[in-house]
Amino acid sequence: MRRDGEIDVLIAGGGFAGLTLAVALRQGLGPSFSITVADPSFGKSHTDDERASAIVAAARRLLATLGVWPAVAEQAQPILDMVVTDSQLDDTVRPVFLTFAGEVEDGEPFAHMIENRFLIAALEAKARETGIELRASAVAKFSPEQATTSDHFDVELADGTTVATGLLIAADGAHSSIRERAGIAVHGWDYGQSAIVINVGHERDHGGRAEEHFLPAGPFAILPLKGRRSSIVWTETTREAERIVALPAAAFHAELEKRFKLHLGDITSVGGRRVHPLGFYVARSFIAERMALIGDAAHVIHPIAGQGLNMGLKDVAALAEVIVDAARLGLDPGATDVLERYQRWRRFDTMAMGLATDGLNRLFSNRSAALRIMRDVGLGMVDRVPGLKRLFIREAAGLVGEVPKLLRGELL
Ligand SMILES: Cc1cc2nc3c(=O)[nH]c(=O)nc-3n(C[C@H](O)[C@H](O)[C@H](O)COP(=O)(O)OP(=O)(O)OC[C@H]3O[C@@H](n4cnc5c(N)ncnc54)[C@H](O)[C@@H]3O)c2cc1C
């Protein structure tokens, strides 16, 4: 039982992970379960954020179940098929090793591309509409020791107010200060690679096709957006990425064209250039006393398979399910055994996906001729064995393993 003024859960971070968790808990437990999300970026415009993400089928089912998908469906571009090639930069013809027709079920594409700002705006609107308290302030201070001797935290926000809560969720992204304050270390490594991310316009229709070209410096992905536009995620060594983004427009365009090629016609526009250093990090623990980590605060992986955000939404679905189950039984949702169920569910799966993307990146981001032959034989085999290909598609769509209810499209 909570005391006066004490809330059930405080979520630090109103990005994809934090807002989705808030909406899922509200749907599962109603307004008597009090939820506050604190994020200094609330109310700020996201219009200059051109980043886009691949939302896999399982994540789309979750967003549909929460009633968020209809608000973004029009802006979402289904990925109708996908080609994978393995080539050198100057190859004139890129041999195709793997093709995927993009449906997990009849009429259900295995993924959609959507610009992040549309999805964040839809989640924020749903949170407001359902009466979740959104505080435009950062979580500044709390004492992790307090939760070892008491059944709540007193959390100080940057605006000087204090919130008492029975459960604190760290959804504050890759550089989580909440995780750090809780003394949770991360394991992992930098790749020495960075991703150049840009949106481009082109003359011809992409037809909903996604392309992943494994070039010696790393993957170069062309991901279809609504209209004659695509989102490019272009991996280079960090030094080369920094050199390329600093080039004048014409020289940058020439580098881009070398990799983009001309099958979609001329590149008609190039949006703002961004560079993201890439690494693989997993928090040593996803929980602490009265605390759980979700999304990038818990793990950051290589974007080679476009799974980072989708893994965060899997955390959300699993954590929402264990909290809702506990609260409905009248149990304390911040209790250690409840949070341990979440950690068992998510940490192993996260390591498996993180290591798989790490292995893929190592296998492809190199110039060894012997490795090139081996991986091309491997890709060719996957392409020819229909059962294996279907398994790959379902795995990439997030539909394999112990899938939480929301990701199956079921209400909590
Ligand atoms: C190049 C690149 C391409 C990618 N492509 C894909 C893709 O195609 N598909 C995919 O699934 N994923 C992709 N990802 C990963 C994806 O972008 C992230 O996994 C996702 O944005 C993480 O969401 P999050 O909510 O955990 O964290 P964030 O989006 O980082 O949100 C954290 C929030 O916490 C707030 N915050 C910070 N500190 C505090 C504090 N002290 N108190 C309160 N709030 C705080 C911030 O303001 C922010 O709003 C990609 C990543 C990169 C780098």
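Higher on the page you've got the structure.
None of these values were measured; they are calculated from a predicted model.

(A) Summary view of the sheet that holds strand β14 (residues 162–165). The strand order across the open sheet built from four strands is β1-β14-β13-β12, with neighbouring strands paired in mixed fashion. Both outer strands of the open sheet, β1 (6–7) and β12 (139–141), are each paired with one neighbouring strand and no more.

(B) Broad picture of the sheet that holds strand β15 (residues 168–170). An order of β11-β3-β2-β15-β23-β22 is seen for the six strands of this open sheet, with the pairing classed as mixed. Among the strands making up the open sheet, the edge pair consists of β11 (133–135) and β22 (287–288). Note: strand β2 (residues 9–12) against β15, three bridges, orientation parallel. Bridge pairing in β15 links I11 to I169.

(C) How the structure looks around the site of the ligand. The immediate surroundings of the ligand are formed by 28 residues, with D39, R51, D296, G306 and L309 found nearest. A distance of 2.8 Å separates an oxygen atom of the ligand from a polar atom in the backbone of L309. Here N310 contributes a side-chain N or O atom positioned 2.9 Å from an oxygen atom of the ligand. Isolated, the ligand exposes 1000 Å² of accessible area, and the fraction of that covered by the protein chains is 82%. Of all elements in the fold, only α1 (16–29), β4 (52–56), β16 (186–202) and α9 (308–328) reach the threshold of two or more residues within the shell around the ligand. When residues in the shell around the ligand are grouped by element, the largest group, three residues, is from α9. Grouping the amino acids of the shell around the ligand by side-chain chemistry returns 12 nonpolar, 12 polar and four charged.

(D) The packing of aromatic side chains, seen in detail. Under the defined criterion, the tally for this structure stands at five aromatic pairs. Residues W189 and F280 carry aromatic rings whose centres are separated by 5.2 Å and whose planes lie at 75° to one another, so their mutual orientation is edge-to-face. With W189 in strand β16 and F280 in strand β21 (residues 274–283), this pair connects stretches of sequence that are 91 residues apart. On the basis of relative accessible area, F280 is assigned to the buried category, the value being 3%. What links up through ring pairs into an aromatic cluster is the set F220, W234 and F252. For R60, the ring lying beneath its charged end belongs to W69, and the centroid distance is 5.9 Å. The positively charged end of R117 is found above the aromatic ring belonging to F118, 4.8 Å away from the centroid.

About the criteria used
Residues numbered from 1 in each chain as written. Predicted model: local features only at pLDDT ≥ 70, side-chain atom pairs only at ≥ 80, totals over all residues. Heavy atoms only, no water. Pairing = 2+ DSSP bridges. Helix = DSSP H or I, 4+ residues; strand = E, 2+ residues; numbered from the N terminus. Near = heavy atom within 4 Å. Polar contact = N/O pair within 3.5 Å; in protein donor to acceptor, adjacent residues only side chain to side chain. Areas by Shrake-Rupley, 256 points an atom, 1.4 Å probe, with all protein chains shown as cover. Nonpolar A, V, L, I, M, F, W, Y, C, P; charged D, E, K, R; others polar. Phe/Tyr/Trp six-rings, centres within 6.5 Å; stacked < 30°, edge-to-face > 60°. Buried < 20%, exposed > 50% of the residue type's maximum accessible area, 1.4 Å probe, protein only. Lys NZ or Arg CZ within 6 Å of the ring centre and 35° of its normal.

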